[in-house]
Amino acid sequence: MTELHREAFDYIPNMRRLRAVIAVAEAGSVMRAAETLHLSQPAVTRAVRDLEKELGLALFERHRSGMLCTTAGKIVLHRFRRALQQLGDAEAALARMQPAGHSERLTQRLSHRQLTVLVAIADLHNEPQAAQRLGLTQPAVSGNLRDLENLLGVSLFLRTQRGMLATDCGALLIRYAKVALRELALVSDDLSAWQGEVRGRVVIGTLPLSSSLLVPQAVDALLRELPGLHVTILEGTYDALFESLRHGDIDILIGALRQAGTSEDTVQQRLFHDRLAVAVRRGHPLMQYASLSLSDLLDARWIAPRQGTPARVSFEQEFRSAGLAPPDVVVESGNLSTIRTLLLDSDRVTLVSPHQVFFEVQSGQLALLPIKLTGTLRPIGITTRVDDSPTHALKVLQRILLELGERMASPSLPSYA
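Residues numbered from 1 in each chain as written. Predicted model: local features only at pLDDT ≥ 70, side-chain atom pairs only at ≥ 80, totals over all residues. Heavy atoms only, no water.

Before going further, it helps to examine the environment of L152. If you trace the backbone, L152 turns up in helix α8 (residues 138–152). Here L152 falls in the buried class, since its relative accessible area comes to 2%. Note: C-alpha distance between L152 and C169 (17 residues apart in sequence) is 9.8 Å. (Helix = DSSP H or I, 4+ residues; strand = E, 2+ residues; numbered from the N terminus. Buried < 20%, exposed > 50% of the residue type's maximum accessible area, 1.4 Å probe, protein only.)

Applying the stated criterion to the full structure yields 26 salt bridges. Each of the salt bridges in this network shares a partner with another, and the network as a whole consists of R79, R82, E183 and D190. (Salt bridge = Lys/Arg side-chain N within 4 Å of Asp/Glu carboxyl O.)

So, on to the packing of helix α6 (residues 112–124) against helix α9 (residues 168–194). Interaxial distance between α6 and α9 falls to 10 Å at its minimum, and their mutual angle equals 120°. Comparing their axes, α9 and α6 come out oblique. The hand of the α6/α9 crossing is left-handed. Together, H112, L115, T116, L118, V119, A122 and D123 of α6 and L173, I174, A177, K178, L181 and L184 of α9 make up the contact between the two elements. Of the residues contributing to the contact of α6 with α9, the split by class is nine nonpolar, two polar and two charged. (Axes fitted to C-alpha atoms, helices over the stretch in contact; angles between N-to-C directions. Parallel < 35°, antiparallel > 145°, perpendicular 65-115°, else oblique. Left-handed = near helix turned anticlockwise from the far one by under 90°. Contact = heavy atoms within 4.5 Å. Nonpolar A, V, L, I, M, F, W, Y, C, P; charged D, E, K, R; others polar.)

Looking at the element boundaries, E360 is found in helix α15 (residues 358–363). With a relative accessible area of 10%, E360 lands in the buried category.

Within soluble globular proteins, side chains that are nonpolar generally end up buried alongside one another. With 62 residues, the main nonpolar core has L156, F157 and L173 as its most contacted residues. If we skip the residues at most four places from it in the chain, L173 touches A90, L94, L106, L118, L148, L152 and L156. Counting residues in hydrophobic clusters, the runner-up holds 28 residues, among them L222, L226, L271 and I400. (Core = buried A, V, L, I, M, F, W, Y, C linked by side-chain atoms within 4.5 Å.)

Pairing is mixed across the open sheet formed by five strands, whose spatial order is β11-β10-β12-β9-β13. Strands with a single pairing partner mark the edges of an open sheet, and in this sheet they are β11 (331–332) and β13 (366–368). With two bridges joining them, strand β10 (residues 302–304) and β11 adopt parallel strand pairing. Paired with I303 across the two strands is V331, which belongs to β11. (Pairing = 2+ DSSP bridges.)

Moving on to the pairing of strand β4 (residues 163–166). Relative to β4, strand β3 (residues 157–160) is paired through four bridges, and the arrangement is antiparallel. Bridge pairing in β4 places T160 opposite G163. Between the end of β3 and the start of β4, which pair antiparallel, lie two residues.

The next thing to look at is the packing of helix α11 (residues 214–225) against helix α16 (residues 392–408). One can describe the packing of α11 onto α16 by two numbers: an axis separation of 9 Å at closest approach and a directional angle of 130°. Classed by the angle they form, the pair α11 and α16 counts as oblique. Considering only the axes of α11 and α16, their crossing is right-handed. Taken together, the residues of α16 that come into contact with α11 (itself represented by L214, Q217, A218, A221, L222 and E225) are A393, V396, L397, R399, I400, L401, L404 and M408. By residue class, the composition of the contact of α11 with α16 is eleven nonpolar, one polar and two charged.

Once that is clear, we can look at α16. Taking 1.5 Å of rise per residue, 17 residues should cover 24 Å, and α16 covers 24 Å from first to last C-alpha, within 8% of that figure. Taken as a whole, α16 has its buried residues at A393, L394, V396, L397, Q398, I400, L401, L404, G405 and M408. On the buried face of α16, the contacting elements are β5 (201–206), α11, β7 (252–256), β8 (266–274) and β14 (378–385). (Expected span 1.5 Å × (residues − 1).)

This is the structure in C-alpha cells:
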C-alpha cells in the first residue's frame, strides 16, 4: 500500500483535476472523458496524473480496456462527487430563486479559489480581512468575487456600514459552498483512515446540558481509541450551532433535541431522556428536610433559564405539572459556571439536570434536594446532516455517544470506561 504523502493533508483541491478524475471514472477512459469535458486527451491525462502525484496514490489502474478505479480512487471520488453534488444542488436552488440568473453549469465553472473567497467574506464581512485569511491581496479577493457574481448574474453581498452582508442568493450559495469545501477537506481524513492511521479533525457543537459530562467523556473515549485525531468543541446557542451544522462548520450537534426548529436536511437521534432536579449549595437551610415539594420552594430565590428557551419551558412545566404557578424569577442564566457561582455564594436554588452538576455533587459543593419532580422528560441526543457521509472518526464518536447514552439513562450515572 502506497504511503499517503503527509503534505496531502494540506493539499488545495484543483476543481479542474477534480472534474477530470470524475469524468475518467464515469467514462472508463481518458479519451471518452476528454470528449465529455471538451478538453484534449493530454490535458485530462495531465490533470489525473498531477492529482495522483499530489496525493501520492494511484487513483486508477490502467488497462487496455480502459481505466478502473483503485480503492484509493473510490475513496477520493466519493468525496469529490459529494462536493460536486452540493454545487449542483446550489445551481438548482439558485435557478429557482433567480430564474434570470446564469447559474446553469455552475459545477463546470466554479473554481476552488472562488469558493474560498466567498466563504471568507461571508465569515468576516470584510474583503481586507478575507484577503489576510487567504494570503491574497485585496484586489485578488475583489476580483474573484466580481468574477463569481458575473458568472452567476446575481449580487452575492450588500455593502453596508456593518460590513458585507450576504444577499438571499449569497446566503444560499454560501451554505452549499461550505458543505462542498468540507467534503473536499475530508478526502485526506478518509485516505488516512483507509491506511490505518486516523487523523483529521472532528468539530462538535455542544449545548449547555451536554458540555459538562456527556461531551467530555465522549471526547476522552474517542481520543483514547483514535489518538491521532484532533477535536474542536464549540459551545453556543441552539440556533447558532444548528446553522453551523447545516453549513458544514460543525460535524455533529449534541444536546437537548428540539421538536421544532429542525429542517429537512438534518436528522435527530435520541441518546437518553433527562429529568430536572433542584440543586442548592452544600449546607443550604433546605437540606435539613428529609422530604420537600415544589410548593415548599415557591418563595425561594430562584435561578432560571432564559425566557424563550426550551430549558425555561421545562422549568415552568415542572411547576404547572404540580398544579402551581411558576415562581417569580430574579436571575436568568443558562451558563453553568455562572449558576454554580451564584448557588455557592447564596441560598439560591435552581432546576438543573443532574448530569450538568454531576461533578459538583460528587465533590460535595452542591446537593440535590429530596424533591420528586413530575414534569416532562427532555430528550437528549445528536443532530447531524441527513445527507452526511461520516468519516471513520465521526462513526466512532457516534458509537461512543450511543453507549454513553445507555449508561447515562441509569440513576448512578457511571463514567465511561
